[in-house]
Amino acid sequence: MDFGEPEHITMLRESIRRMLERHATRGMMAKWDEQDKVPRSLMEHISALGVCGMTVPEEYGGLGRDILATMVTVEELSRRSMVIGTLYLMNSCYGSMNVLASGSEEQKQRLLPKLANGEILFAYGLSEPDVGSDLASVKTRAERRGDKVIINGYKRWCSGAESADYIYALVRSGDPDARYKNLSLVLIPPTAKGVTLTHIPALGARGLNTNDVTLDNVEIPIEDVIGGEAGWNQGWSKLAGPALEVEKLEVAAMALGIAAQAVDDAWEYSQTRSQFGKRICSHQSIRHMLADAQTKLAAARLMLYRGCWLADNNLPCSVETSMAKMFVCETGLDIVLTCQKIMGAYGYAKGFDMERHVRDMLLMPIIGGSTAIQKNNIANRMGLPKA
Ligand SMILES: Cc1cc2nc3c(=O)[nH]c(=O)nc-3n(C[C@H](O)[C@H](O)[C@H](O)COP(=O)(O)OP(=O)(O)OC[C@H]3O[C@@H](n4cnc5c(N)ncnc54)[C@H](O)[C@@H]3O)c2cc1C
């Protein structure tokens with residue numbers, strides 16, 4: 001068992017931090033949060049770090065699969081903001097991992113080199129107004145007409161849709177009663193005729209650019225069904241494949257990044273703020289809160305990295321990735337609320353990043369499969385009888 005951090009991971013962290021200090025400072029992020037818009041151009045600086053090819057094999061122009069490095073990149077970017085972490089995910093995970101796992105050979109040849117260069121981004125179009133955790137009940141309809149597919153319906157909470165090149169959408173492509181057997185995944189350009197985007201403002205994740213998407217007779221070529229012609233009605237098996245396991249790690253990595261930054265911020269603040277004639281870090285209650293936060297953060301990090309190790313070694317990891325997703329997000333929320341308490345009123349007001357850490361962290365247990373859904377998965381996969 002080796003718990004040491006590989007040198008290339010340490011160097012990766014340092015280069016991401018340097019990039020953020022130049023191109024996404026705390027001041028810039030505060031402005032983007034206020035404006036509810038993070039510029040897509042930031043992706044150029046992210047891709048210049050050489051991190052976009054880490055989920056793409058060399059034969060398709062990438063660097064070869066390194067899930068740990070990919071999740072550390074998400075973690076480090078999310079230290080500044082989970083919205084910046086998401087920009088990278090839209091390329092390397094929503095895009096590359098899905099095309100690699102589920103695309104046809106033609107799609108891999110066409111899309112993976114551009115993804116590995118950081119040129120294109122995917123947004124997820126899974127949820128709908130009446131469809132959240134139960135994705136197999138999507139209503140958006142897709143019909144084949146010759147070599148075209150016509151799509152009608154609504155997608156909700158489609159994050160990054162305005163910046164994306166494609167919406168990776170789950171659609172019903174056959175008899176509605178067949179549930180899992182009649183779903184397909186399709187690539188819809190947000191600029192296609194018949195697509196209307198409506199921004200959804202939210203408490204946190206500001207700048208994530210979350211949208212309602214109306215699809216009115218949108219026409220795409222059959223080549224843009226994931227898996228090509230052979231992928232028609234095969235959406236469920238593609239959705240529930242290996243990319244889903246990694247998706248749980250992605251949200252955990254964002255949560256870890258937010259929590260890690262919150263702990264650093266509270267740690268530093270406690271040494272600059274004085275009350276009753278001494279720095280608050282010397283009050284036992286504050287010391288204990290910070291010790292608790294550091295300990296929980298270390299445990300969360302181990303959970304996440306173990307999940308990465310299993311995924312990197314192609315070992316079964318459905319239970320461990322669910323545990324990591326649930327534990328890191330719930331513990332991360334606990335950590336951030338503790339850190340906010342340490343900063344008193346300044347953890348609640350604009351001007352410090354803490355109030356944003358809290359707003360963003362509240363989202364983590366909801367997305368990527370809620371905590372209750374992860375618990376269901378853990379109990380079911382571990383064989384706990386239901387009756
Ligand atoms: C800011 C933001 C960004 C998002 N971005 C995207 C995106 O880019 N693409 C996308 O497709 N979606 C996105 N989502 C949607 C997100 O994935 C869903 O919110 C999530 O899947 C949960 O669905 P829901 O909120 O409709 O909750 P529901 O599924 O309606 O669940 C409501 C409550 O019931 C519980 N529950 C549901 N089913 C069960 C069950 N079987 N057992 C026990 N408890 C259960 C849940 O845990 C939850 O507490 C985003 C959401 C937000 C808020």
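Just so it is clear, the structure is predicted and the values come from calculations on it, not from any experiment.

(A) Local environment of the overall build of the protein chain. Scanning the protein chain from N- to C-terminus turns up 12 helices and nine strands. Computed over C-alpha atoms, the radius of gyration of the protein chain comes to 21 Å, within 12% of the 21 Å expected from 2.2 N^0.38 for 387 residues, which places it in the range of a compact globule. Taken along its principal axes, the extent of the C-alpha atoms in the protein chain is 80 × 50 × 40 Å. Across the protein chain, the fraction of contacts at a sequence separation of at least 24, relative to all contacts at a separation of at least 6, is 74%.

(B) View of the domain arrangement of the protein chain. According to the domain assignment, the protein chain consists of domain 1 (7-120), domain 2 (124-235) and domain 3 (241-381). Computed from C-alpha atoms alone, the centre-to-centre distance between domain 2 and domain 3 is 31 Å. Listed by partner, the interface residues are four residues for domain 2 and six residues for domain 3. A breakdown of the residues in the side of domain 2 that touches domain 3 according to their chemical character gives two nonpolar, two polar and no charged.

(C) Up close: the UniProt feature "domain: Acyl-CoA dehydrogenase/oxidase N-terminal" (unreviewed entry) in the protein chain. The sites that carry the UniProt feature "domain: Acyl-CoA dehydrogenase/oxidase N-terminal" (unreviewed entry) are, in the present numbering, residues 7-119. The span residues 7-119 is 72% helical and 0% strand by assignment, and the distance between its end C-alpha atoms comes to 28 Å.

(D) Main features of the UniProt feature "domain: Acyl-CoA dehydrogenase/oxidase C-terminal" (unreviewed entry) in the protein chain. Here, UniProt's "domain: Acyl-CoA dehydrogenase/oxidase C-terminal" (unreviewed entry) annotation points to residues 233-382. Here residues 233-382 runs as 73% helix and 3% strand, with 29 Å between its end C-alpha atoms.

(E) Molecular detail of the site of the ligand. Neighbouring residues of the ligand: 21 residues in total, closest L126, G132, S133, W157 and S370. By residue class, the composition of the shell around the ligand is 13 nonpolar, eight polar and no charged. For the shell around the ligand, the domains that each give at least three residues are domain 2 (124-235) and domain 3 (241-381).

(F) Broad picture of helix 5 (residues 82-102). With 21 residues, helix 5 extends only 26 Å from end C-alpha to end C-alpha; this falls clearly short of the ideal 30 Å at 1.5 Å per step. The buried fraction of helix 5 amounts to 20 of the 21 residues, a majority that puts the element mostly inside the structure.

(G) The arrangement of helix 4 (residues 67-80) in detail. Taking 1.5 Å per residue as the helical rise, helix 4 with its 14 residues ought to reach 20 Å, and the 21 Å between its terminal C-alpha atoms agrees with that figure. The buried count for helix 4 comes to 13 of 14 residues, which makes it a mostly enclosed element.

(H) Just the nonpolar core, in detail. Counting residues in each nonpolar core, the largest one holds 111 residues, and the members touching the most others are V186, A255, A259 and L304. Considering each element in turn, this core owes the most residues, 16 residues, to helix 8 (residues 242-272). Apart from residues lying up to four places away in sequence, V186 is in contact with A142, V149, I151, A169, V171, I220, D224, V225 and I226.

(I) The arrangement of unusual backbone geometry in detail. One non-glycine residue, A205, adopts positive backbone phi at about 50°. Looking at the element boundaries, A205 is found in the loop between strand 6 (195-199) and strand 7 (210-221). Although it is not a glycine, N314 adopts a positive phi angle of roughly 50°. Tracing the backbone through its elements, the reader meets N314 in the loop between helix 9 (284-312) and helix 10 (318-342).

(J) Representation of the packing of helix 8 against helix 11 (residues 354-361) within the structure. Two elements in contact, helix 8 and helix 11, have axes whose closest approach is 10 Å; the angle formed by their N-to-C orientations is 155°. Here helix 8 is positioned roughly antiparallel relative to helix 11, judged by the angle of their axes. Viewed along their axes, helix 8 and helix 11 form a crossing whose handedness is left-handed. In this structure, helix 8 uses A255, I258, Q261, A262 and D265 to contact helix 11, whose residues at the interface are M354, H357, D360 and M361.

(K) Region of the structure containing the packing of helix 4 against helix 9. Where helix 4 meets helix 9, the closest approach of the two axes is 8 Å, and the angle between their N-to-C directions is 145°. Taking contact as the criterion, the partners of I67, L68 and M71 in helix 4 are, on helix 9, L304, Y305, C308, W309, A311 and D312. Its residues assigned to classes, the contact of helix 4 with helix 9 shows eight nonpolar, no polar and one charged.

(L) Expanded view of the environment of A69. As for its position among the elements, A69 is in helix 4. Separated by 60 residues in sequence, A69 and I9 place their C-alpha atoms 6.2 Å apart. Contact partners of A69, with chain neighbours within four places excluded, come to I9, L12 and M54.

(M) Summary view of the environment of M303. When you line up the elements, M303 lands in helix 9. With near-sequence residues (within four places) excluded, M303 lies in contact with M323, A324, F327 and V328.

(N) Spatial organisation of the pairing of strand 1 (residues 122-125). Judged by which residues are buried, strand 1 turns out to be covered on both faces: F122 and Y124 on one side and A123 and G125 on the other are all buried. Inspection of the sheet shows strand 1 paired to strand 4 (residues 166-172) by four bridges, in the parallel sense. Bridging from a neighbouring strand, G125 pairs with A169 of strand 4.

(O) Looking closely at the environment of N376. When you line up the elements, N376 lands in helix 12 (residues 371-381). Sequence-wise, N376 and S322 are 54 residues apart; in three dimensions their C-alpha atoms are separated by 9.4 Å.

Each value, and the rule that gives it
- Residues numbered from 1 in each chain as written.
- Predicted model: local features only at pLDDT ≥ 70, side-chain atom pairs only at ≥ 80, totals over all residues.
- Helix = DSSP H or I, 4+ residues; strand = E, 2+ residues; numbered from the N terminus.
- Rg over C-alpha atoms; globule rule 2.2 N^0.38 Å.
- Contact = placed C-beta atoms within 7 Å.
- Domains from an automatic or database assignment.
- Nonpolar A, V, L, I, M, F, W, Y, C, P; charged D, E, K, R; others polar.
- UniProt positions renumbered as here; feature names shortened; annotations may be inferred.
- Near = placed C-beta within 6 Å.
- Expected span 1.5 Å × (residues − 1).
- Buried ≥ 20, exposed ≤ 12 C-beta atoms within 10 Å, placed from the backbone.
- Core = buried A, V, L, I, M, F, W, Y, C linked by C-beta atoms within 7 Å.
- Axes fitted to C-alpha atoms, helices over the stretch in contact; angles between N-to-C directions.
- Parallel < 35°, antiparallel > 145°, perpendicular 65-115°, else oblique.
- Left-handed = near helix turned anticlockwise from the far one by under 90°.
- Pairing = 2+ DSSP bridges.

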